[in-house]
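Examination of the molecular architecture
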Amino acid sequence: MIRVIFLGPPGAGKGTQAAVLSKDFDVPHISTGDILRAAVAAKSELGQKAESYMNAGELVPDELILDLIRERLGQKDASKGWILDGFPRNVSQANFLDKLLAEIQQPCECVLNLEVPDNVLISRLLSRGRKDDNEDVIRNRLEVYRKQTEPLIEFFRSRQQLVSVNGHQAMGSVEADLKQVLQA
Ligand SMILES: Nc1ncnc2c1ncn2[C@@H]1O[C@H](COP(=O)(O)OP(=O)(O)OP(=O)(O)O)[C@@H](O)[C@H]1O
Ligand SMILES: Nc1ncnc2c1ncn2[C@@H]1O[C@H](COP(=O)(O)O)[C@@H](O)[C@H]1O
């Protein structure tokens, strides 16, 4: 069983690696980006509220995300562990998660921070080609990451929860490094 959070800029490989580890460790991969994209595709109320923020590369307001995470972590499959990808994304989400995990008695074991140079991120995102992967939106997502999400590196490091891994390697090598961390 593992309970881990993936941290890292857009394009660092969080979703790619979380999907692999989710299979290997048999725990759900909980991606707030995937949940929101599904809501947009379904044209649900959440999707309609979130879409314009996502298309602009901005974070959606916390109030759209917090209940969703509480509900998802309360589902049965999450009782055996989880991998969070894309949450928390700012300090207020991290504080919320802290309280929630204490309340449901599911402590996070570690925060895996994928490090990749900016030029590599940009070229990966341009070739991924999602709706929010055009040049202007990528630039904004990186800026939003620097301002709002990157402070979480220090937040988790100060609590000795952070482990940084070189994400600028072949996917299999990143996976091997992550597994080494998780088995340690
Ligand atoms: N180690 C790697 N080497 C080369 N390409 C990679 C590697 N890891 C992931 N990619 C590719 O880079 C792109 C971004 O990866 P991924 O979607 O996993 O990133 P992410 O961190 O989840 O991004 P976002 O936060 O924007 O959702 C994908 O097209 C993926 O196939
Ligand atoms: N935790 C989140 N808080 C606010 N906004 C979020 C969060 N997770 C995802 N989003 C929105 O969705 C897109 C895509 O997310 P990815 O994790 O990069 O797939 C992101 O730009 C936010 O608009």
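Residues numbered from 1 in each chain as written. Chains lettered and ligands numbered in written order. Predicted model: local features only at pLDDT ≥ 70, side-chain atom pairs only at ≥ 80, totals over all residues. Heavy atoms only, no water.

**Examining the UniProt feature "binding site: ATP" (unreviewed entry) in the protein chain**
Here, UniProt's "binding site: ATP" (unreviewed entry) annotation points to Gly 11, Ala 12, Gly 13, Lys 14, Gly 15, Thr 16, Arg 128 and Gln 169. With respect to the helices, strands and loops of the structure, Gly 13 is situated in the loop between β1 (3-7) and α1 (14-25). Here Gly 13 falls in the buried class, since its relative accessible area comes to 18%. Contacts of Gly 13, omitting those with residues within four sequence positions, involve Leu 114 and Arg 124. Along the chain, Gln 169 falls in the loop between β5 (162-166) and α9 (171-183). If we skip the residues at most four places from it in the chain, Gln 169 touches Arg 124, Val 174 and Asp 177. Engagement of the side chain of Gln 169 in a polar contact is seen with the backbone oxygen of Asn 166, the distance being 2.8 Å. (UniProt positions renumbered as here; feature names shortened; annotations may be inferred. Helix = DSSP H or I, 4+ residues; strand = E, 2+ residues; numbered from the N terminus. Buried < 20%, exposed > 50% of the residue type's maximum accessible area, 1.4 Å probe, protein only. Contact = heavy atoms within 4.5 Å. Polar contact = N/O pair within 3.5 Å; in protein donor to acceptor, adjacent residues only side chain to side chain.)

**Considering the site of ligand 2**
Near ligand 2 you find 16 residues, and of these Thr 32, Arg 37, Glu 58, Gly 86 and Gln 93 are the closest. The separation between an oxygen atom of ligand 2 and a polar side-chain atom of Arg 37 is 3.0 Å. Surface burial for ligand 2 is 95%, taken as the share of its 480 Å² of free accessible area covered by protein chains. The biggest single contributor to the shell around ligand 2 is helix α2 (residues 32-41), with four residues. Across the shell around ligand 2, the residue classes break down as six nonpolar, four polar and six charged. (Near = heavy atom within 4 Å. Areas by Shrake-Rupley, 256 points an atom, 1.4 Å probe, with all protein chains shown as cover. Nonpolar A, V, L, I, M, F, W, Y, C, P; charged D, E, K, R; others polar.)

**Some thoughts on the UniProt feature "binding site: AMP" (unreviewed entry) in the protein chain**
The sites that carry the UniProt feature "binding site: AMP" (unreviewed entry) are, in the present numbering, Thr 32, Arg 37, Glu 58, Leu 59, Val 60, Gly 86, Phe 87, Pro 88, Arg 89, Gln 93, Arg 130 and Arg 141. The greatest C-alpha distance among the residues just named is 24.9 Å, and with 110 residues of sequence between them they are spread in space as well. Tracing the chain through its elements places Arg 37 in helix α2. By relative accessible area, Arg 37 is classed as partly exposed at 29%. Setting aside its immediate chain neighbours within four residues, Arg 37 contacts Ser 31, Met 54 and Arg 130. Engagement of the side chain of Arg 37 in a polar contact is seen with the side chain of Asp 34, the distance being 2.9 Å. Its relative accessible area of 1% is what places Phe 87 among the buried residues.

**Remarks on the pattern of salt bridges**
Proximity of charged atoms lets side chains of opposite charge pair with each other. A full pass over the atoms with the stated rule returns 19 salt bridges. Between Arg 37 and Asp 34 there is a salt bridge whose closest N-O contact spans 2.9 Å. Of this pair, Arg 37 and Asp 34 both sit in helix α2, three residues apart, which is roughly one turn of that helix. Residue class for Asp 34 comes out partly exposed when judged on its relative accessible area of 40%. Between Glu 103 and Arg 70 there is a salt bridge, with its nearest N and O atoms 3.0 Å apart. Taken together, the residues Glu 103 in helix α5 (residues 91-103) and Arg 70 in helix α4 (residues 62-73) connect sequence positions 33 residues apart. Residue Arg 70 is classed as partly exposed on the basis of its relative accessible area of 36%. When salt bridges with common partners are traced through the structure, they connect Arg 128, Arg 130, Asp 132, Asp 133 and Arg 141 into a single cluster. (Salt bridge = Lys/Arg side-chain N within 4 Å of Asp/Glu carboxyl O.)

**Looking at the packing of aromatic side chains**
How two aromatic rings sit relative to each other is set out by the distance from centre to centre and by the angle between their planes. Applying the stated rule across the entire model yields one aromatic pair. The interplanar angle of 80° and the centroid separation of 5.0 Å between the aromatic rings of Phe 155 and Phe 156 together place this pair among those described as edge-to-face. The exposure classification of Phe 155 matches that of Phe 156, with both residues buried. (Phe/Tyr/Trp six-rings, centres within 6.5 Å; stacked < 30°, edge-to-face > 60°.)

**Topic: the nonpolar core**
Residues Ile 69, Leu 73, Trp 82, Leu 84 and Phe 156 are the most contacted members of the largest nonpolar core, which totals 30 residues. Residue assignment for this core shows that the elements contributing at least two residues are β1, α2, α3 (45-56), α4, β3 (82-85), α5 and α8 (151-157). Beyond its immediate chain neighbours, meaning those up to four positions away, Leu 84 contacts Val 4, Ile 5, Phe 6, Ile 30, Ile 69, Leu 73 and Leu 97. Counting 21 residues, the second-largest nonpolar core is a separate cluster that includes Ile 2, Ala 12, Val 27 and Val 174. (Core = buried A, V, L, I, M, F, W, Y, C linked by side-chain atoms within 4.5 Å.)

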